[in-house]
There are 2 protein chains.
Amino acid sequence: MASGKELCEGVEWRIRVVDGSSEVLVPPTGLARKVWLRTKGLISGLGMKVRMFLKQAWDMGANDPRKVIHCIKVGLALTIVSLVYFMRPLYDGVGGNAMWAIMTVVVVFEPTVGATLYKCLNRVCATCLAGFLAVGVHWIASQSGDRFEPFVVGASIFILASIATFSRFIPSVKSMFDYGAMIFILTFSIVAISGYRVDKLFDLAHQRISTIIIGTSLCILVIMLVCPIWSGQELHSLTVRNMDKLSDSLDGCVRQYFTNSNGEDDQKLQGYKCVLSSKASEESMANFARWEPSHGRFNFRHPWKQYLKIGASMRSCAYCIEALNSCINSENQAAESIKKHLSTSCLKVSSSSSSAIKELAESVKKMNKSPTIDLLVEEMNSALEELHNDLKSLSHLLNPPTTAENQISATGLVPFMEIIPVVTLASILIEISVRIEALVGSVEELVKESEMKDKIVAKEEKPEGTMKALQRV
Amino acid sequence: MASGKELCEGVEWRIRVVDGSSEVLVPPTGLARKVWLRTKGLISGLGMKVRMFLKQAWDMGANDPRKVIHCIKVGLALTIVSLVYFMRPLYDGVGGNAMWAIMTVVVVFEPTVGATLYKCLNRVCATCLAGFLAVGVHWIASQSGDRFEPFVVGASIFILASIATFSRFIPSVKSMFDYGAMIFILTFSIVAISGYRVDKLFDLAHQRISTIIIGTSLCILVIMLVCPIWSGQELHSLTVRNMDKLSDSLDGCVRQYFTNSNGEDDQKLQGYKCVLSSKASEESMANFARWEPSHGRFNFRHPWKQYLKIGASMRSCAYCIEALNSCINSENQAAESIKKHLSTSCLKVSSSSSSAIKELAESVKKMNKSPTIDLLVEEMNSALEELHNDLKSLSHLLNPPTTAENQISATGLVPFMEIIPVVTLASILIEISVRIEALVGSVEELVKESEMKDKIVAKEEKPEGTMKALQRV
């Protein structure tokens, strides 16, 4: 160890200076040197990290400018709500409680319209409900005398907070009113307890409600008017995008296997992984989309839940593609003759399946039943039939058990083990096509439901007529 | 339609009265009747729904009493923090801003220790940072004269809020400081803008910080002392539980297929689906676990990230089990003779793989390298070898292409198509065992890393010694 250290200390450090000569770095000695080196290392490491971080941030902004727009929207909304402070009549109007409006903007402003509306409506409703309840509890408490007042208030807070917290665990409440339950606890506690110290309780409740309404209305205006991002539209595009990815992966994997080409785009082949990992985001988007009013081609009450079913069908296909991938990359390689024998029909199945998925994506995109999907499914089924026949005739190529090993190459027959990977691949392909038929079913259901909703909306809006026309503008 | 209606109206409704006789229900006539029926239907429907909802809530509480305990903890913490209002010296101490303490408790109290600590630390740090910055900005604004003050303040809010919002999109910031960034915007805006109206800005900032510290300390005390739920411990148990489920599913599916028994517990067979869907919860738990101090057998800086790798390995096994399941339930049934031929070796592979997973679960549970895992993996590999040999000899049972169809039953040979499902199953089983070896690797890494961390901690704590002893108590 000691000799190693000596060796290390004996090394001469040179740097090339701009003029081309090199200069010997004479290391400073002792403790000072160590501190200097350590500090330099730390600073340069930190600088590196900061540079990496900034680059990452910059790339993110460049890739998705909508994120930058969202940030500007938040800044804008906050600056506008600050005007409440600068304008004397408005400030006096809310009795100096203007900070509630700022707080509202900060906490309810979300990237999508649906998420913001969810929070706004939850916040307003929960605040009103809790405010009234708290004023009632305060009245009861004040009737029970000075001595018992703290106990009545404390007990009511304990009970209501516990119940509201419990309700947040219930799935149906959680998906619709999670934020509302929290705001309920918050407002109830603050108003109920303030009754003990603040004389003008009604004023407090009233100010809190009006500042929250100022904040939420501002948020809703900004989020809906400045480059709005709709959860529903996002969910819709995500579904279409995932279908395209699924189709590309399926086709690419099978083609790469049979043509032995490495020219396929690796990112394209791995596209199915996006489908596997998008369950959580699909669910949250569908959840928020329910709060959104009619936008674009989507009516209020568009069948968003159906997208979750489509997502589940897509994932079940993606699981199979995962298995397909593993058998493509497996060590146990198949005989070339067998591959050749099955390649035409396998390629046909994969290309017809992937064009069926592409057509489904198109159908979801345009939100109408595709005229060609039945034809494509038929084509897929006939390709499957062909694959079946090819599989049946595979035994011709098999090396009969009685043939001696050394005769194999002469006869061109292959041992049984070498057909297993291809057979597995073929049967997974068959399974995928079964799952694609389920996907076709769920997409058709979506289209049907959405057309039905459209008709209902059209019927409801007939008397007014202008509403729809206005929305189209 | 008209006759149907008459028929319907002609029907006599009778109810059996308690004494055994029956009574004719004479329907009230006209509009009143309709309203009455509609109202009754609505009320009974609503009553039904409420009853269902309450039952659901009750079941949830009964199944997981820790949820109920969490609710009581929230109520307790809120009631304690309310004392600030009832005790004059405390209330005066924070200048009537006691509501910040309540708000803190409501928003930072989460079910697990890790999540609560994450929010508490984020809230305190972000509030301090934003408070200082806001006071600085206020000072600059006040130097720039009355006319420019609103502009300076507004511009600083716009810029800082936009940057902080943008930072929330960056994955590394999002996972550690998402809540902190929001609180930063909140505090900065409120303090900076209050400077315009409130004279004693320092007091405001100081009061806000001290109330938040009161709230967070109370939360930390309650969450850690009253039946604490640790994210780390939860993640650990979830991982162990998922491994057990994976093992049961694998073994159950294969056994059900080969023994044709329907006696297997369906819930057990579907266990792998839990593994497929637990990615999001694993990630959030691992994220919160990082904030937790040493607890139970887990040190601070326990390798929580390794659990995510184990989770990913488990999911890759679960994808294969999905494919396995689909080939078990496929329409294309295999010949019994082929099933019999492969059943011994397939069952051996599945049982040895599933006992390897069980052993891994045990190893994670005890957090030490299992002494028998190498043996089990070897056993699995020898079972695989056997399966390979059985597959090789499968061609003996195959119907040679030249044999006429009507000879099949006589010779006992089977057509090629009927071996495909079993061969597919076998090759998926082989793939699963490959993936299990990857799982073994990631579990071993976890155990190694955790032992290493243990050693480091033991070394660091040697001089004190008592710390560790205290934690063990």
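Calculation notes
Residues numbered from 1 in each chain as written. Chains lettered and ligands numbered in written order. Predicted model: local features only at pLDDT ≥ 70, side-chain atom pairs only at ≥ 80, totals over all residues. Heavy atoms only, no water. UniProt positions renumbered as here; feature names shortened; annotations may be inferred. Helix = DSSP H or I, 4+ residues; strand = E, 2+ residues; numbered from the N terminus. Buried < 20%, exposed > 50% of the residue type's maximum accessible area, 1.4 Å probe, protein only. Contact = heavy atoms within 4.5 Å. Areas by Shrake-Rupley, 256 points an atom, 1.4 Å probe, with all protein chains shown as cover. Least-squares fit on C-alpha atoms with pLDDT ≥ 70 in both. 1 Å grid on protein atoms, 1.4 Å probe; cavity = no way out; pocket = protein on both sides within 12 Å on 5 of 7 lines; lining within 4 Å. Points joined across faces, edges and corners; volume = space filled by probe spheres on them. Nonpolar A, V, L, I, M, F, W, Y, C, P; charged D, E, K, R; others polar. Buried area = accessible area lost by both parts, 1.4 Å probe. Salt bridge = Lys/Arg side-chain N within 4 Å of Asp/Glu carboxyl O. Polar contact = N/O pair within 3.5 Å; in protein donor to acceptor, adjacent residues only side chain to side chain. Expected span 1.5 Å × (residues − 1). Arc of directions from axis to C-beta. Core = buried A, V, L, I, M, F, W, Y, C linked by side-chain atoms within 4.5 Å.

Under an unreviewed UniProt entry, chain A has the name Aluminum-activated malate transporter 10-like and belongs to Gossypium trilobum. Note on chain A: under the UniProt heading Sequence similarities (unreviewed entry), the record states "Belongs to the aromatic acid exporter (TC 2.A.85) family." Turning to chain A, the UniProt annotation filed under Subcellular location (unreviewed entry) states: "Membrane".

1. What to know about the overall build of chain A
Of regular secondary structure, chain A possesses 19 helices and two strands. Per-residue burial over chain A gives 48% buried out of 473 residues. Look at the contacts in chain A between residues 6 or more apart in sequence, and 77% of them connect residues 24 or more apart. Accessible area for chain A stands at about 24000 Å²; split by element, carbon and sulfur atoms hold 63% of it.

2. Thoughts on the relation of the copies chain A and chain B
Aligned on chain B, chain A shows an RMSD of 0.2 Å; the corresponding rotation is 180° and the shift along the axis is 0.0 Å. Classification of the inter-copy transformation places it as that of a two-fold axis. If distances are taken from each C-alpha of chain A to the rotation axis, the shortest is found for Thr 424 of chain A, at 2.4 Å. A symmetric contact is evident, with 100% of the interface residues of chain A recurring at the interface of chain B.

3. A short note on empty space enclosed by the protein
Residues and elements named next belong to chain A. Evaluation of the coordinates by the stated rule reveals three cavities of 30 Å³ or more. What the largest cavity holds in volume is close to 60 Å³. If you list the elements that add at least two residues to the lining of the largest cavity, you get helix H3 (65-86) and helix H5 (99-108). Partitioning the lining of the largest cavity into residue classes produces six nonpolar, one polar and one charged. Estimates place the volume of the second largest cavity at around 40 Å³. Lining the second largest cavity, in full, are Leu 360, Ser 363, Lys 369, Ser 370, Ile 373, Val 443, Glu 444 and Val 447. Mapped by element, the contributors of at least two residues to the lining of the second largest cavity are helix H15 (336-366) and helix H18 (420-461). The element that contributes the greatest number of residues to the lining of the second largest cavity is H18, accounting for three residues.

4. Considering the interface of chain A and chain B
Facing 76 residues of chain A, the contacting portion of chain B comprises 76 residues. Across the chain A/chain B interface, buried area totals approximately 7200 Å², and carbon plus sulfur atoms make up 79% of it. Counting the contacts that link chain A with chain B gives two salt bridges. For the salt bridge of Glu 322 of chain A with Arg 435 of chain B, the shortest nitrogen-to-oxygen distance reads 2.8 Å. Between the two partners, chain A and chain B, sit six residue pairs in polar contact (both at pLDDT 80 or more). Sort the elements by how many residues they give to the side of chain A that touches chain B and H3 of chain A lands first, with 13 residues. The residue makeup of the side of chain A that touches chain B, split by class, is 48 nonpolar, 20 polar and eight charged.

5. Things to note about helix H16 (residues 373-392) of chain B
All names here are of chain B. Taking 1.5 Å per residue, 20 residues should reach 28 Å; H16 reaches 28 Å between its end C-alpha atoms and fits that length. For H16, the complete set of buried residues consists of Ile 373, Leu 376, Val 377, Met 380, Ala 383, Leu 384, Leu 387, Asp 390 and Leu 391. The arc enclosing the buried residues of H16, seen along the axis, measures out at 130°, which places them on a common side. Those residues of H16 that are exposed and angled more than 90 degrees off the buried face are Leu 375, Glu 378 and Lys 392.

6. Quick word on helix H6 (residues 113-143) of chain A
Helix length check: H6 of chain A, at 31 residues, gives a terminal C-alpha distance of 45 Å against a target of 45 Å (1.5 Å per residue), a fit within 8%. After H6 of chain A finishes, the residue Gly 145 of chain A shows a positive phi value of roughly 90°.

7. Some remarks on the nonpolar core
Membership of the largest hydrophobic core comes to 142 residues, with the highest contact counts inside it found for Met 243, Leu 324 and Leu 391 of chain A together with Met 243, Leu 324 and Leu 391 of chain B. Setting aside residues up to four positions removed in sequence, Leu 324 of chain B forms contacts with Leu 250, Cys 253, Val 254, Leu 425, Ile 428, Leu 429 and Ile 432 of chain B. Counting residues in each nonpolar core, the second largest holds 106 residues, with Leu 117 and Tyr 179 of chain A together with Met 99 and Leu 218 of chain B among its members.

8. A few points about the pattern of salt bridges
Residues and elements named next belong to chain A. Taken as a whole and judged by the stated rule, the model has 31 salt bridges over all chains. Asp 178 is the salt-bridge partner of Arg 168, the closest N and O atoms lying 3.0 Å from each other. Of this pair, Arg 168 sits in the loop between helix H7 (145-167) and helix H8 (171-194) while Asp 178 sits in helix H8; the two residues are ten residues apart in sequence, bridging distant segments of the chain. The class of Asp 178 is buried, set by a relative accessible area of 17%. With a closest N to O distance of 2.9 Å, Lys 358 and Asp 248 form a salt bridge. Of this pair, Lys 358 sits in helix H15 while Asp 248 sits in helix H10 (residues 231-259), and the two are 110 residues apart along the sequence. Put simply, Asp 64, Arg 66 and Glu 234 are held in one network by salt bridges that share partners.

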